[in-house]
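Results of the structural survey
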Amino acid sequence: MSIAKKEYKRITTKTLVDMKKKGEKISMLTAYDFTMAKIVDSAGIDVILVGDSASNVMAGHETTLPITLDQMIYHAASVVRAIERSLVVVDLPFGSYQSDPKEALRSAIRIMKESGGHAVKLEGGKEIKESVKRILNAGIPVMGHLGLTPQSIYKFGTYTVRAKEEEEADKLIEDALLLERIGCFAIVLEKVPAKLAQQVAEKISIPVIGIGAGSGVDGQVLVLHDMIGMTHEFNPRFLRRYLDLYTDMKNAFTQYSKDVKSGDFPNESEQY
Ligand code: KIV
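So, here is what we can say about the structure in this document. Treat the numbers as computed from the prediction; the structure is a model and nothing was measured.

Here's the deal with the pairing of strand 1 (residues 26-30)
- Counting buried positions along strand 1 yields four of five residues, so the element is predominantly enclosed.
- Sheet analysis places strand 1 next to strand 8 (residues 219-222), joined by four bridges and oriented parallel. Bridge pairing links serine 27 to glutamine 220 in strand 8.
- Alignment of strand 1 against strand 2 (residues 47-50), held across three bridges, turns out to be parallel. Looking across to strand 2, one finds that threonine 30 is bridged to leucine 49.
- In the classification by handedness, the crossover that spans strand 1, the intervening helix 3 (residues 34-42) and the parallel strand 2 is right-handed.

See the structure below:
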């Protein structure tokens, strides 16, 4: 059991801000279903993100765009049923908040009411300011997401590192300051230069959670299926694989098939 796990019974948005103040790093992983979320929560991971990356890893879509609000709620409710300690943050999917602040609030309320999640995450800065404010005004905690924002992949045209140029880096810093000012409790920074990410983390008092943003931030997030090696074709530099489950699972399935076909399974002790 980690020190953090003993110290904090239940992680709240305030816990995360306190952790930043104390210089304690925040661990965050995605999860989309009950069984995985139970393991992640019991391992003492601080934040579980029900990410719209479910669109990729659970549904096999090329991008995060197709996943619907109903599908996000289904995944989030499954995760919430499993957790005892972690804070559960749920992505507002593409199309559920961009058109106007009222729709954004309606979507966030549906997530909170129907899934039991603890906070929502939205991609973008200045462009979605009014939506973020309206959600916050309703008492719903918001996590921001800047840098590479996968819901805008067709605008970017590529998944390469963002904000390498001064103009985009300046906008990113402005957006981070804005999100802090209007009341977000944390920000995810995805795939930006480590130096810039550190600068942002030093400028704002809310936690900055990085993915491909180096070590100078307040915490790290990875997509669960990538870090346990269930996916094996996605190999960005920032990804550390802790397991090679693709190989282990494939070997297990192959062996099972052999055992069934040879009549080895089930044996005497495996039947009634
Ligand atoms: O959807 C997701 O998994 C995310 C993380 C990559 C931060 O937004």
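A look at the packing of helix 6 (residues 101-115) against helix 7 (residues 129-137)
- Closest axis-to-axis distance for the helix 6/helix 7 pair is 8 Å, and the angle between their directions is 45°. One element, helix 6, and the other, helix 7, form an angle in the oblique class. For the pair helix 6 and helix 7, the sense of crossing is right-handed. Contact residues: helix 6 offers Pro101, Lys102, Ala104, Leu105 and Ala108, while helix 7 offers Glu130, Ser131, Arg134 and Ile135.
- Class assignment of the residues belonging to the contact of helix 6 with helix 7 gives a composition of five nonpolar, one polar and three charged.

Details of the nonpolar core
- Core analysis: the biggest nonpolar cluster contains 64 residues, and Val120, Leu122, Ile135, Leu189 and Val200 have the highest contact counts within it.
- Ranked by residues supplied to this core, first place goes to helix 9 (residues 166-182) with seven residues.
- Core analysis: the second largest hydrophobic core is formed by 18 residues, Tyr8, Ile11, Leu16 and Leu87 among them.

Rules and cut-offs
Residues numbered from 1 in each chain as written. Predicted model: local features only at pLDDT ≥ 70, side-chain atom pairs only at ≥ 80, totals over all residues. Heavy atoms only, no water. Buried < 20%, exposed > 50% of the residue type's maximum accessible area, 1.4 Å probe, protein only. Helix = DSSP H or I, 4+ residues; strand = E, 2+ residues; numbered from the N terminus. Pairing = 2+ DSSP bridges. Right-handed = clockwise from strand over helix to strand, strands pointing away. Axes fitted to C-alpha atoms, helices over the stretch in contact; angles between N-to-C directions. Parallel < 35°, antiparallel > 145°, perpendicular 65-115°, else oblique. Left-handed = near helix turned anticlockwise from the far one by under 90°. Contact = heavy atoms within 4.5 Å. Nonpolar A, V, L, I, M, F, W, Y, C, P; charged D, E, K, R; others polar. Core = buried A, V, L, I, M, F, W, Y, C linked by side-chain atoms within 4.5 Å.

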